[in-house]
Amino acid sequence: MTVFKKDKLQIIGFQSYGTPSKLYVRGRALEDEEIDLQQKGIFNLLLNTWKRFETDEIKHTPINIHLSNKKTFRAETDKDGYFTVDEPQENLEELINSEGWLTFEISYADTHLKREIIHQNKFPGEMLIPSKTSEYGVISDIDDTILHTGVVSSLKWKVLLNTAFKRATKRNALEGTADFYHQLHRGKTGAAVNPIFYVSHSPWNLYRYLELFLKTNNFPKGPILLRSMASFRSRNRIGPAPQKQHEIINILKTYPALPFILIGDSGEKDGDIYITIAKKFPGQIKAIYLRSVSDLKRVQRIEDLFQEYTQIPFLLVKKTADAIAHAKQHGFI
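Residues numbered from 1 in each chain as written. Predicted model: local features only at pLDDT ≥ 70, side-chain atom pairs only at ≥ 80, totals over all residues. Heavy atoms only, no water.

**A few points about unusual backbone geometry**
Heads up, the rule is: Under the scheme used here, helices are H or I runs from DSSP no shorter than 4 residues and strands are E runs no shorter than 2 residues, and both carry numbers assigned from the N terminus. Partly exposed residues are those whose accessible area sits between 20% and 50% of the maximum for their type, while under 20% is buried and over 50% is exposed, using a 1.4 Å probe and protein chains only.
Phi at Asn-91 is positive, roughly 60°, even though this residue is not glycine. Within the secondary structure, Asn-91 is located in the loop between strand 6 (82-88) and strand 7 (101-108). On the accessibility criterion, Asn-91 (40% relative accessible area) is partly exposed. Backbone geometry at Gln-120 places phi at a positive 55°, although glycine is not the residue there.

Right, here's the structure in full:
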């Protein structure tokens with residue numbers, strides 16, 4: 001009888017965000033499928049795509065988060081392997097680096113899982129605490145805003161094609177976007193450390209893929225906020241507000257004194273979401289940038305949507321150079 005060896009266990013810590021008095025940690029406990037994001041060849045790319053979505057979660061197990069000041073926090077994974085720590089904690093600013101990042105270590109609390117755990121049961125995690133001197137924050141979509149995905153294509157086939165057949169290191173950012181985001185990160189003075197948050201409709205299964213894309217294309221480091229596969233599968237059903245909207249509102253509530261620039265595209269619902277948020281949080285949104293996609297009906301709808309909404313600066317971006325000029329004109333960079 002053939003005995004199949006069980007995969008080792010891992011923990012993926014998602015880059016998150018918090019405050020000097022709030023620890024907010026998110027991640028997922030999974031079997032290690034040994035996905036190599038650098039592998040070449042169509043077969044390997046397809047196999048890696050399959051592994052990303054055919055996950056084996058470690059359900060209902062305790063997780064420890066260890067801070068550098070020796071304090072430990074406990075969480076428990078849910079039925080899909082996700083865990084969250086949302087705890088008050090004083091003086092976290094004493095643990096951050098010059099860019100505002102707090103690093104910590106994640107581990108399985110139960111060392112008797114009868115499974116081998118990779119990396120000696122030590123997994124990295126990071127949380128961003130924006131500087132009190134930040135001029136503003138930036139919340140940006142990913143799909144068709146900085147990364148061409150074909151999200152407006154029929155049946156979303158281009159999204160699947162690009163993800164399944166292209167390595168993250170071979171995906172090109174839309175022209176000039178990384179430079180624009182670095183200018184926003186540095187702000188008007190050129191010496192700021194304005195926080196950048198990346199929010200996408202993509203599922204958490206693509207977290208490491210998108211993380212590598214952002215790093216390869218030299219984007220400013222920032223929390224990457226995605227959603228569960230259950231939410232992804234129900235994206236076209238009539239129901240509550242989109243997960244992206246919830247994530248953005250949570251950021252705004254976390255930093256009520258910090259104004260934000262919202263960046264998205266005209267292809268899907270970014271325009272509707274951003275206007276709804278701007279109305280809900282008057283005075284906290286400095287500007288809205290929506291990249292124009294190659295769909296005249298969608299572009300026209302966005303132009304009509306914003307025609308009567310003139311309370312804050314808005315630009316439908318055809319070229320990144322236009323967004324840079326607009327940002328300079330309004331004193332953002």
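The rest of the description comes next.
**Quick word on the pattern of salt bridges**
Test applied: What makes a salt bridge here is a side-chain nitrogen of Lys or Arg within 4 Å of a carboxyl oxygen of Asp or Glu, nothing more.
If you walk through the whole model with that rule in mind, you get 11 salt bridges. In this structure, Lys-8 engages Glu-116 in a salt bridge whose closest nitrogen and oxygen atoms are separated by 3.7 Å. Here Lys-8, found in the segment before strand 1 (9-14), pairs with Glu-116, found in the loop between strand 7 and strand 8 (123-128); they are 108 residues apart in sequence, far enough to count as distant. With a shortest N-O distance of 3.7 Å, Arg-291 and Glu-175 are connected by a salt bridge. Taken together, the positions of Arg-291 in strand 13 (residues 285-291) and Glu-175 in the loop between helix 2 (157-165) and helix 3 (177-186) put the pair 116 residues apart, joining distant regions of the chain. Taking relative accessible area as the criterion, Glu-175 reaches 44% and is therefore assigned partly exposed. Each member of the salt-bridge network shares a partner with another, and the members are Asp-141, Lys-244 and Asp-270.

**Here we look at the packing of aromatic side chains**
Note the following rule: To pair, rings of Phe, Tyr and Trp, with the six-membered ring standing in for Trp, must have centres within 6.5 Å; the planes then decide the type, stacked if under 30 degrees apart, edge-to-face if over 60, and tilted in the middle.
Summed over all chains, the structure comprises 16 aromatic pairs. Between the aromatic rings of Phe-180 and Tyr-289, the centroid separation amounts to 5.9 Å while the plane-to-plane angle is 90°, which identifies the pairing as edge-to-face. Linking Phe-180 in helix 3 with Tyr-289 in strand 13, this pair joins segments that are 109 residues apart in sequence. Summarising the burial analysis for this pair, Phe-180 and Tyr-289 share the class buried.

**Quick word on the packing of helix 7 (residues 270-280) against helix 8 (residues 296-307)**
The following threshold applies: The angle between two axes is taken between their N-to-C directions and runs from 0 to 180 degrees, where each axis is a line fitted to C-alpha atoms and a helix contributes only its stretch in contact. Roughly parallel here means an angle under 35 degrees, roughly antiparallel means over 145, roughly perpendicular means 65 to 115, and every remaining angle is called oblique. For any pair of crossing helices, the crossing counts as left-handed if the nearer helix is rotated counterclockwise from the farther one by less than a right angle, and right-handed if it is rotated clockwise. Residue contacts are counted whenever heavy atoms from the two residues lie within 4.5 Å of one another. Gly counts as polar in this scheme, as do all residues outside two lists: the nonpolar Ala, Val, Leu, Ile, Met, Phe, Trp, Tyr, Cys and Pro, and the charged Asp, Glu, Lys and Arg.
Orientation of helix 7 relative to helix 8, taken along the N-to-C sense of each, is 15°, at an axis distance of 10 Å. By the angle between their directions, the pair helix 7 and helix 8 is classed as roughly parallel. Of the two elements, helix 7 crosses helix 8, and the hand of that crossing is right-handed. Judged by residue contacts, Gly-271, Asp-272 and Ile-275 of helix 7 engage Arg-301, Ile-302, Leu-305 and Phe-306 from helix 8. Taken together, the residues of the contact of helix 7 with helix 8 sort by class into 4 nonpolar, 1 polar and 2 charged.

**A few points about the packing of helix 3 against helix 9 (residues 320-329)**
Direction vectors running N to C along helix 3 and helix 9 enclose 15°, while the axes themselves pass 9 Å from each other. Put simply, helix 3 runs roughly parallel to helix 9. Helix-helix and strand crossings are classified by hand; for helix 3 and helix 9 the assignment is left-handed. Contacts between helix 3 and helix 9 involve Thr-177, Asp-179, Phe-180 and Gln-183 on the former and, on the latter, Thr-320, Ala-323, Ile-324, Ala-327 and Lys-328.

**Focus on the pairing of strand 1**
Quick reminder of the rule: At least two DSSP bridges between two strands are needed for those strands to be called paired.
Counting buried residues in strand 1 gives 6 out of 6 residues, a clear majority hidden from the surface. The alternating pattern of strand 1 places Leu-9, Ile-11 and Gly-13 and Gln-10, Ile-12 and Phe-14 on opposite faces, both of which are buried. Both strand 1 and strand 3 (residues 22-31) contribute to a ladder of 6 bridges, which runs antiparallel. Counted as the bridge partner of Phe-14 is Arg-26 from strand 3.

**Some thoughts on the nonpolar core**
Definition in use: In plain words, nonpolar cores are sets of buried Ala, Val, Leu, Ile, Met, Phe, Trp, Tyr and Cys residues tied together by side-chain atoms within 4.5 Å.
Core analysis: the largest hydrophobic core is formed by 52 residues, its most contacted members being Ile-65, Tyr-108, Ile-139, Ile-251, Phe-260 and Ile-285. In terms of residue count, helix 7 provides more of this core than any other element does, 5 residues in total. For Ile-251, the residues in contact, after removing those within four places along its chain, are Tyr-17, Ile-139, Phe-197, Val-199, Leu-225 and Phe-260. In terms of nonpolar packing, the next biggest core, distinct from the first, is built from 38 residues, Phe-14, Ile-263, Tyr-289 and Phe-332 among them.

**Some points on the sheet that holds strand 14 (residues 314-317)**
Strand pairing in a sheet relies on backbone hydrogen bonds. The paired strands run either parallel or antiparallel. Spatial strand order, 11-10-9-12-13-14: 6 strands in an open sheet with parallel pairing. Of all strands in the sheet, those bounded by a partner on one side alone are strand 11 (224-227) and strand 14. Averaged over all adjacent pairs, the angle separating strand axes in this sheet is 15°, with direction ignored. By the bridge criterion, 4 bridges tie strand 9 (residues 137-141) to strand 10 (residues 196-203) in an arrangement that is parallel. Within strand 10, the position partnered with Ser-140 by the bridge is Tyr-198. This element, helix 6 (residues 243-254), spans strand 9, strand 10, strand 11, strand 12 (260-265) and strand 13 of the sheet and lies at about 160° to strand 10.

**Quick notes on the side chain of Asn-194**
This is how it is decided: Identification of polar contacts relies on pairs of N or O atoms within 3.5 Å, with a donor-acceptor requirement for protein atoms, meaning one able to donate a hydrogen and the other able to accept it, and with residues adjacent in sequence counted only if both atoms are side-chain atoms.
The topology assignment puts Asn-194 in the loop between helix 3 and strand 10. At a separation of 3.5 Å, a polar atom in the side chain of Asn-194 contacts the main-chain amide nitrogen of Tyr-136. Setting aside chain neighbours within four positions, we find Asn-194 in contact with Ser-134, Glu-135, Tyr-136, Leu-184, His-185, Arg-186 and Gly-187.

**Observations concerning the environment of Leu-95**
The topology assignment puts Leu-95 in the loop between strand 6 and strand 7. Its relative accessible area of 22% is what places Leu-95 among the partly exposed residues. Separated by 26 residues in the primary sequence, Leu-95 and Asn-69 place their C-alpha atoms 7.7 Å from one another.

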